[in-house]
Each structure stands twice: as C-alpha cells, then as structure tokens.
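Single-letter residue listing:
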Amino acid sequence: MNQIELRANFSGPEAAQEALHKLQALRAFEVNGLYEHGWLTATVDADIVDRAVHLIEQIGGSTETIG
C-alpha cells in the first residue's frame, strides 16, 4: 500500500476544520496541522489522493504533495 502525504493551506480555520472531517471520512491515515492557522497535513492511500486533492480544492484550499 503506497501512502502519500499532502499539505494544504486554507484561508481560515473553518475551512481547515471542514477538510479535516472530510479527509477523515475518506479514511485518511493521519491528519494533523494547525487548523487555527488554516493549514493541515494528511497521509492518504495513493488510490484516493486525487479525491483528497479535489476535496481540498472544493473547500478552497491549495495543496502540495510530499512523497
């Protein structure tokens, strides 16, 4: 199983919290960050990375893939 780490930035804490909950629903392995500053990191299975990125972008975030 190949895992990918994503970094995401949002305009505010509400969007980061929304992304946290939706990424957990996608079964992200790990989601961390400073939500009050509008950023998070998530480790997801490579099979769902496209869906995770799309979800983040729909909420208004921008992403960077690490690994």
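One can find the structure itself at the top, above this paragraph.
Each value, and the rule that gives it
- Residues numbered from 1 in each chain as written.
- Predicted model: local features only at pLDDT ≥ 70, side-chain atom pairs only at ≥ 80, totals over all residues.
- Heavy atoms only, no water.
- Pairing = 2+ DSSP bridges.
- Helix = DSSP H or I, 4+ residues; strand = E, 2+ residues; numbered from the N terminus.
- Axes fitted to C-alpha atoms, helices over the stretch in contact; angles between N-to-C directions.
- Parallel < 35°, antiparallel > 145°, perpendicular 65-115°, else oblique.
- Left-handed = near helix turned anticlockwise from the far one by under 90°.
- Contact = heavy atoms within 4.5 Å.
- Nonpolar A, V, L, I, M, F, W, Y, C, P; charged D, E, K, R; others polar.

K.L.:
Could you give an account of the pairing of strand β2 (residues 30-34), with specific residues and numbers?
P.N.:
Judged from the five bridges that link them, β2 and strand β3 (residues 39-45) form a sheet pairing that is antiparallel. The partner of Asn32 across the bridge, within β3, is Thr41. The loop that links β2 with its antiparallel partner β3 comprises four residues; one of these, Gly38, has a positive phi angle of about 80°.

K.L.:
Lay out the packing of helix α1 (residues 13-25) against helix α2 (residues 49-59) in plain terms, naming residues and giving numbers.
P.N.:
For the pair α1 and α2, interaxial distance at closest approach is 10 Å and the crossing angle is 155°. One finds that α1 runs roughly antiparallel with respect to α2. Where α1 crosses over α2, the handedness of that crossing is right-handed. Here Ala15, Glu18, Ala19, Lys22 and Leu23 of α1 lie close against α2, whose contacting residues are Ala52, Leu55, Ile56 and Ile59. Within the contact of α1 with α2, the residues separate by chemical class into seven nonpolar, no polar and two charged.

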